Amino acid sequence: NNTTLLLNFTNGSLYDFTTNNEVITVGSTQLRTTVTKYNPTSIYFDGSGDYLLPSPNAATLCAFGTGDFTVEFWMNAISFSNADNIKIIFDCRPVSTDGIYPTIYFYSGQIRYYVNSADSITGSTLSTSTWYHIALARSGSSTKLFVDGTQVGSTYTDTNNYLCGASRPVIGARGYTLTDNQYNGYIDDIRITKGLARYTATFTPPQGPLPLA
């Protein structure tokens, strides 16, 4: 119940364990066995044209509306550097459109939550070559960002009616253009949950591959 996307990267291909989505790899996005968290493989983005696109069905599943939600994943960045030092992990914006679309990104390694043309949460600065559990969760009218189970930044008073563009969210690149701000590093265990805030206070990050429940 509630889980709308779960990518464990445990098979030879990208497989959504909820069976709700078919995930499309763009560029040279690929599975790797050399750097992983819990699963035999993780997904690798080289920072130059690599990202994931879900099936069109995901746009409905990730349009959170006014309800609770959770976006979480493990990440291990290789580099946060590029021309503007912006790297985007999760972006629901359609091309050339800002608005009530949730976006998780990094500026010079500092994690931020962006919506409606502004940073709503500014978190901590992360290091490269390190696994971090990232979670964004809204419960009622409070949205919080967590790194390794600890809240970073302030609580965002959130009454947004969230949208998600067609064939979104983009994972690993900028949904606004699809041509820049691509992430360089590894991601493991991406789980998107609609209708449930899995984390509302300090918690212990998952100790193994995420379940469907």
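Residues numbered from 1 in each chain as written. Predicted model: local features only at pLDDT ≥ 70, side-chain atom pairs only at ≥ 80, totals over all residues. Heavy atoms only, no water.

Following the criterion strictly, the structure yields six salt bridges and no others. Linking Asp91 and Arg93 is a salt bridge whose minimum nitrogen-to-oxygen distance equals 2.9 Å. Across the pair, Arg93 and Asp91 agree in class, each one buried. Among the ionic pairs, Asp180 bridges to Arg174, the shortest N-O distance being 3.3 Å. Residue Arg174 is classed as partly exposed on the basis of its relative accessible area, which comes to 21%. Residues joined in a network through salt bridges with shared partners are Asp91, Arg93 and Asp98. (Salt bridge = Lys/Arg side-chain N within 4 Å of Asp/Glu carboxyl O. Buried < 20%, exposed > 50% of the residue type's maximum accessible area, 1.4 Å probe, protein only.)

Residue Arg168 is joined to Pro169 through a cis peptide bond whose omega torsion reads 10°. With phi around 60°, Ser96 is a residue other than glycine that occupies positive phi space. Ser96 sits in the exposed class, given a relative accessible area of 52%. Notably, Asp148 is not glycine yet its phi reads approximately 55°, a positive angle. By the secondary structure assignment, Asp148 is in the loop between β12 (142–147) and β13 (150–157). (Helix = DSSP H or I, 4+ residues; strand = E, 2+ residues; numbered from the N terminus.)

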